[in-house]
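Okay, here's what each chain looks like letter by letter:
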Amino acid sequence: MVDLLLGLQWGDEGKGKIVDVLTKNYDIIARFQGGPNAGHTLIFDGNKHVLHTIPSGIFHDNVVNIVGNGVVIDPVIFKKELDNLSKYHIDFKSNLLISRKAHVILPTHRLLDAASETAKGKAKIGSTLKGIGPTYMDKTGRNGFRIGDFELDNWKEKFHALTRKHLSMLDYFDVDIQFNLKELEEEFFIGVKRLKELSFIDSEEYLQQAMQHGKTILAEGAQGSLLDIDFGTYPFVTSSNTTAAGACTGLGVAPNKIGNVFGVFKAYVTRVGSGPFPTELFDENGKTMAKVGHEFGATTGRPRRCGWLDLVALKYAVEINGVTQLMMMKSDVLSGFDSLQIATTYNYKGKKIAHLPYNIESKNVSVNYENVSGWKADITKATNVKDLPQNLLDYVKIIEDFVGVPVKIVSVGPDRKQTIFI
Ligand code: GDP
Ligand code: IMO
Ligand code: MG
């Protein structure tokens, strides 16, 4: 069986931290979608690490980390990630395996991402500019370049042909994007050289064998359910299926082999980039969340928008993913508020509704809140559920009753140790 861990909001829920915490229970950690648009933060022993493509189990010995076929890989960023980990003496050759079917982000994919965003002007997605959209477009358009292509003698021909195509596409966008192709290609070739020192595998076959031998596997999602290409706030989404189904296609694991589905959410909500956000705050409360929660993107450094917990959206995500256990993150950030608001219904086209409709732009949706009491205590040193204030436990109970799934972890700080199992 394969357990899944994924984000239920607009990303940055704290997935990396929880994967790291749970890794001791698994033999294999496998990323199934997304690419270096992700930034997963791990903090332990006084050190902070941000991983973009490498799975969050990498710091544990005897755990195999797999980058699955659903992921898109930028060799330049991948090399930087490996370099950042050099002092840990990790055996990458045997602990970090890459699917031959994963697609490759070319330098020109990044340029196309930038050109597309610039051309959109105010309507831009707010992409991370990592080339994610154009790479997935080439994948579904059947023009993509895959990791397995690096094993071909003439891979450079294929690379140059696709690059030429991208350059002609860049001409289509009537925008001024400055770049030095020679430099970009040199950097890319250095990244490829490093990447080729790792092990490329047929990861679906590897995982099938692992399952037959009783190995325990955790699939790590990137982004969040509301950024899903099908079920998110389209077009302000990423270009992959971030939901549970994406783990099946992104790893080659059948639906009946999925075990637990761990849904990670923040005790409030954040979003980085453009797009609708019904419970977004523009007042002091929002500023406090951003400040106390250090809400700046782990990949781009952009400030994250903050707002109250939205149970309408959370329930939608729980249902689409078949979540079996919830993990509530950043509970400590809400300490100190006199009262808290929780969204329980939307007003949509003159009706009160409790599900996420087709369009949640502010002109269509307003929010009805339940007001609950906050808690004052500093909970960052709590180690047991008994240490948590009753008002926080009541907050958890409201969530559980609303979505019908138990909360099994309450996170009270960024460190690995600041994790309370319920
Ligand atoms: P991911 O993309 O889902 O892995 O999340 P990110 O790493 O992008 O963002 C989560 C941020 O919150 C990181 O800076 C974490 O170190 C931090 N974090 C995680 N859990 C907690 C928590 O319980 N409390 C606080 N204060 N910070 C947390
Ligand atoms: P993790 O895994 C938060 C957002 C971008 C933008 C939209 C599309 O760290 O949770 P893209 O570059 O994918 O074309 O951008 O998606 N986005 C994320 N937001 N966390 C992420 O990943 C994100 N990955 C993409 O900000 O709005
Ligand atoms: Mg992140």
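Just so you know, these numbers come straight off a predicted model, no measurement behind them.

Colleague: Explain the overall build of the protein here, please?
Modeller: Counting its regular elements, the protein contains 12 helices and 20 strands. Against the compact-globule benchmark of 22 Å for 422 residues, the protein has a radius of gyration of 21 Å, which places it among compact chains. Dimensions of the protein along its principal axes, counting C-alpha atoms only, are 65 × 50 × 40 Å. Here the protein holds 422 residues, and 56% of them are scored as buried. A fraction of 77% describes how many contacts in the protein between residues 6 or more apart in sequence connect residues 24 or more apart. Carbon together with sulfur atoms contributes 51% to the accessible area of the protein, which is approximately 18200 Å² in total. A gap of 1 Å separates the mean positions of the 49 positive and 48 negative side-chain charges of the protein.

Colleague: Sorry, what's going on with the site of ligand 1 here?
Modeller: Taken together, the neighbourhood of ligand 1 is formed by 20 residues, with Gly14, Lys15, Thr41, Asp332 and Ser411 sitting nearest. Taking Gly14, its main chain carries an N or O atom lying 2.8 Å from an oxygen atom of ligand 1. Within the side chain of Asp332, one N or O atom sits 2.7 Å away from a nitrogen atom of ligand 1. Here ligand 1 has 590 Å² of accessible area as a free molecule, and 93% of this is covered by the chains. Of the residues belonging to the shell around ligand 1, the class tally is six nonpolar, seven polar and seven charged.

Colleague: Please clarify how the pattern of salt bridges should be interpreted in this entry.
Modeller: In total, this model carries 18 salt bridges according to the counting rule given. One salt bridge connects Arg110 with Asp74, and the closest N-O pair in it is separated by 3.0 Å. Here the residue Arg110 occupies a position in helix 4 (residues 107-120), and Asp74 occupies one in the loop between strand 6 (72-73) and helix 2 (75-84), the gap between them amounting to 36 residues. Summarising the burial analysis for this pair, Arg110 and Asp74 share the class buried. Two residues, Lys330 and Glu295, come together in a salt bridge whose shortest N-O distance is 3.0 Å. Here Glu295 lies in the loop between helix 10 (284-292) and strand 13 (305-307) and Lys330 lies in the loop between strand 15 (325-329) and strand 16 (339-348), a separation of 35 residues in the sequence. The class of Glu295 is buried, set by a relative accessible area of 1%.

Colleague: Where do I start with the coordination of the magnesium ion (ligand 3) in this structure?
Modeller: Those protein atoms acting as donors to the magnesium ion (ligand 3) are Asp12 (OD) and Gly39 (O), and they sit at 2.1 to 2.2 Å. Of the two residues, Asp12 sits in the loop between strand 1 (2-7) and helix 1 (15-22) while Gly39 sits in the loop between strand 2 (28-31) and strand 3 (40-44), which places them 27 residues apart along the sequence. The class for Asp12 is partly exposed, based on a relative accessible area of 22%. For Gly39, a relative accessible area of 11% puts it in the buried group.

Colleague: Which parts of the structure should I look at to understand the nonpolar core?
Modeller: Looking at soluble globular proteins, one finds that nonpolar side chains tend to be buried together. In this structure, Leu4, Leu8, Leu326, Met328, Leu334, Tyr395 and Ile399 are the most contacted members of the largest nonpolar core, which totals 58 residues. Apart from the residues lying within four places of it in its own chain, the contact partners of Leu4 are Leu218, Ala219, Ala244, Ala247, Ile258, Asn260, Val261 and Phe262.

Colleague: Help me understand the confidence of the model for the protein, please; the structure alone is not making it clear to me.
Modeller: Close inspection of predicted coordinates is inappropriate in any region flagged by low pLDDT. Considering every residue of the protein, the mean pLDDT works out to 97; 100% of them sit at 70 or more. Per-element mean pLDDT across the protein ranges from 95 in strand 17 (residues 351-353) up to 99 in strand 8 (residues 103-104).

Colleague: Hey, could you run me through the environment of Ala254 in this one?
Modeller: Within the fold, Ala254 resides in the loop between helix 9 (244-251) and strand 11 (258-266). Considered as a pair, Ala254 and Val2 are 252 residues apart in the sequence and their alpha carbons are 9.5 Å apart.

Colleague: What should I look at first to understand the environment of Gly221 in this one?
Modeller: Positionally, Gly221 belongs in the loop between strand 10 (217-220) and helix 9. When the C-alpha atoms of Gly221 and Gly11 are compared, they prove to be 9.7 Å apart, with 210 residues separating the residues in sequence. Among residues more than four places away in sequence, those in contact with Gly221 are Leu5, Lys15, Phe32, Gln33 and His40.

Colleague: Just checking my understanding: could you explain the sheet that holds strand 1 for this structure?
Modeller: To summarise the sheet geometry, strands pair through backbone hydrogen bonds and adopt either a parallel or an antiparallel arrangement. Read across the open sheet, the 10 strands follow the order 9-7-5-2-10-1-11-15-19-20; overall the sheet is mixed. Strand pairing shows two members of the sheet lacking a second neighbour, strand 9 (199-201) and strand 20 (419-421), which therefore form its edges. On average, each strand axis in the sheet is inclined to that of its neighbour by 25°, with strand direction left out of account. Pairing of strand 1 with strand 10, which is carried by four bridges, proceeds in the parallel orientation. Looking at the pairing, Leu5 lines up with Glu220 of strand 10. Along the sheet, helix 9 makes contact with strand 1, strand 2, strand 10 and strand 11, crossing strand 1 at roughly 125°. On the sheet, helix 12 (residues 390-403) packs against strand 11, strand 15 and strand 19 (407-411) and is oriented at approximately 140° with respect to strand 15.

Colleague: Can you help me understand helix 4 in this one?
Modeller: A turn of α-helix holds 3.6 residues, and therefore any two residues three or four places apart point the same way. The terminal C-alpha atoms of helix 4, which comprises 14 residues, lie 21 Å apart, in line with the 20 Å expected from a rise of 1.5 Å per residue. Here helix 4 lies mainly inside the structure; 10 of its 14 residues are buried. Considered for burial, the residues of helix 4 that qualify are Pro107, Thr108, His109, Arg110, Leu111, Leu112, Asp113, Ala114, Ala115 and Glu117. Contacts from the buried residues of helix 4 go to helix 2, strand 8, helix 5 (132-140), helix 6 (155-172) and helix 7 (181-195).

Colleague: Sorry if this is basic, but what is going on with the pairing of strand 4 (residues 47-51) here?
Modeller: Working note: regular strand, side chains alternate between the two faces of the sheet. The pairing of strand 3 with strand 4 spans five bridges and is classified as antiparallel. By the bridge assignment for strand 4, His40 is matched with Leu51. Connecting strand 3 to the antiparallel partner strand 4 that follows it, the hairpin turn spans two residues, and Asp45 within it adopts a positive phi of roughly 50°.

The rules behind each value
Residues numbered from 1 in each chain as written. Chains lettered and ligands numbered in written order. Predicted model: local features only at pLDDT ≥ 70, side-chain atom pairs only at ≥ 80, totals over all residues. Heavy atoms only, no water. Helix = DSSP H or I, 4+ residues; strand = E, 2+ residues; numbered from the N terminus. Rg over C-alpha atoms; globule rule 2.2 N^0.38 Å. Buried < 20%, exposed > 50% of the residue type's maximum accessible area, 1.4 Å probe, protein only. Contact = heavy atoms within 4.5 Å. Areas by Shrake-Rupley, 256 points an atom, 1.4 Å probe, with all protein chains shown as cover. Lys, Arg positive; Asp, Glu negative; His and termini not counted. Charge placed at Lys NZ, Arg CZ, Asp CG, Glu CD. Near = heavy atom within 4 Å. Polar contact = N/O pair within 3.5 Å; in protein donor to acceptor, adjacent residues only side chain to side chain. Nonpolar A, V, L, I, M, F, W, Y, C, P; charged D, E, K, R; others polar. Salt bridge = Lys/Arg side-chain N within 4 Å of Asp/Glu carboxyl O. Donors = N, O, S within 2.8 Å, 3.2 Å for Na, K, Ca; no water. Core = buried A, V, L, I, M, F, W, Y, C linked by side-chain atoms within 4.5 Å. pLDDT = per-residue confidence, 0-100. Pairing = 2+ DSSP bridges. Axes fitted to C-alpha atoms, helices over the stretch in contact; angles between N-to-C directions. Expected span 1.5 Å × (residues − 1).

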